[in-house]
Amino acid sequence: MVNLRQKRTLLTICEYYQRNAAAAEAEMAIWMDELAETLRSDMADISRMLRLYDLSSADVYAVRSQVDEARYVRSREGRLDLLRGRSYATIRWYQQELGAQPPDDVAALWNAFLASEQERVQQIEQMLTESTSATPAQT
């Protein structure tokens, strides 16, 4: 349930950024589209897992305060940094959960999601590096 809430929150933030003109830059827009699609797929996987354990995902919503906080971030770099921070927090959560020795099916899902989050951090860091190195050339 915690992980589903994290993903719904991140998806809500991504959808807000997709609608915002500042995120309309081609590379960022494509990346956000891919991220949103990945999050939707992950949420479907989590919902299926919850049903196997007789838990409902219907009452799991995005964390409004985190979405509101994200709306105040206007720059591309700030948004990427916010998303990177969320990914780092999620990575720590997966590591903590895996350390608690969950059932094999849950562990397999967490390991797959952990690898995805680690890849996402690398993508964000690459975009931030490219953005930083492009800034002096533009001025």
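Preceding this paragraph is the structure being described.
Residues numbered from 1 in each chain as written. Predicted model: local features only at pLDDT ≥ 70, side-chain atom pairs only at ≥ 80, totals over all residues. Heavy atoms only, no water.

## Observations concerning the overall build of the chain
Stage number 1. Summing up its helical and strand segments, the chain has 5 helices and 0 strands in all.
Stage number 2. Starting at the N terminus, the α and β elements of the chain follow one another as α-α-α-α-α.
Stage number 3. Its C-alpha atoms give the chain a radius of gyration of 16 Å, within 12% of the compact-globule value 14 Å for 139 residues.
Stage number 4. On the principal axes, the C-alpha backbone points of the chain span a range of 55 × 25 × 25 Å.
Stage number 5. Restricting the contact set of the chain to residue pairs at least 6 apart, pairs at least 24 apart contribute 79%.
Stage number 6. For the chain, the accessible area works out to roughly 7,800 Å², and carbon and sulfur atoms hold 52% of it. (Helix = DSSP H or I, 4+ residues; strand = E, 2+ residues; numbered from the N terminus. Rg over C-alpha atoms; globule rule 2.2 N^0.38 Å. Contact = heavy atoms within 4.5 Å. Areas by Shrake-Rupley, 256 points an atom, 1.4 Å probe, with all protein chains shown as cover.)

## Let's talk about the packing of aromatic side chains
Stage number 1. Inspection of the entire model under this criterion finds 6 aromatic pairs.
Stage number 2. Between Tyr-94 and Phe-113, the aromatic rings sit 6.1 Å apart at their centres with planes inclined by 50 degrees, giving tilted as the arrangement. Taken together, the residues span a long stretch of sequence, with Tyr-94 in helix α4 (residues 76-99) and Phe-113 in helix α5 (residues 104-138) at a distance of 19 residues.
Stage number 3. Using a relative accessible area of 3% as the deciding quantity, one classes Phe-113 as buried. (Phe/Tyr/Trp six-rings, centres within 6.5 Å; stacked < 30°, edge-to-face > 60°. Buried < 20%, exposed > 50% of the residue type's maximum accessible area, 1.4 Å probe, protein only.)

## Description of a nonpolar patch on the surface
Stage number 1. There is a patch of nonpolar side chains on the surface, built from Met-1, Leu-52, Tyr-53 and Leu-55 and spanning about 400 Å² of accessible area.
Stage number 2. Secondary-structure assignment places Tyr-53 in the loop between α2 (26-52) and α3 (64-71). (Patch = residues over 30% accessible without salt bridge, like charges linked within 9 Å, V, L, I, M, F, W, Y side chains within 5 Å. Salt bridge = Lys/Arg side-chain N within 4 Å of Asp/Glu carboxyl O.)

## Re unusual backbone geometry
Stage number 1. Of note in this structure, Asp-54 is not a glycine but carries a positive phi near 55 degrees.
Stage number 2. Positionally, Asp-54 belongs in the loop between α2 and α3.
Stage number 3. For Asp-54, a relative accessible area of 72% corresponds to the exposed category.
Stage number 4. The residue Gln-101 is not glycine, and still its phi comes out positive at about 55 degrees.

## Let's talk about α2
Working note: α-helix, 3.6 residues per turn, so residues spaced by three or four point in the same direction.
Stage number 1. Taking 1.5 Å per residue, 27 residues should reach 39 Å; α2 reaches 40 Å between its end C-alpha atoms and fits that length.
Stage number 2. Where α2 is concerned, the buried positions are Met-28, Trp-31, Met-32, Leu-35, Ala-36, Leu-39, Asp-42, Met-43, Ile-46, Ser-47, Met-49 and Leu-50.
Stage number 3. Of the residues one or two after α2, Asp-54 is the one with positive phi, at around 55 degrees. (Expected span 1.5 Å × (residues − 1).)

## Considering the nonpolar core
Stage number 1. Core analysis: the largest hydrophobic core is formed by 38 residues, its most contacted members being Tyr-17, Trp-31, Leu-83 and Trp-110.
Stage number 2. Only α1 (2-19), α2, α3, α4 and α5 provide two or more residues apiece to this core. (Core = buried A, V, L, I, M, F, W, Y, C linked by side-chain atoms within 4.5 Å.)

## Notes on the pattern of salt bridges
Close approach of charged atoms allows side chains with opposite charge to pair.
Stage number 1. Within the structure shown, the criterion is met by 9 salt bridges.
Stage number 2. Linking Asp-68 and Arg-64 is a salt bridge whose minimum nitrogen-to-oxygen distance equals 3.7 Å. Here the residue Asp-68 and the residue Arg-64 both occupy positions in helix α3, the gap between them amounting to 4 residues, near one helical turn.
Stage number 3. Taking relative accessible area as the criterion, Arg-64 reaches 44% and is therefore assigned partly exposed.
Stage number 4. Taking the shortest distance from any N to any O, the salt bridge between Asp-81 and Arg-84 comes out at 2.5 Å.

This is a description of form; function is not addressed.
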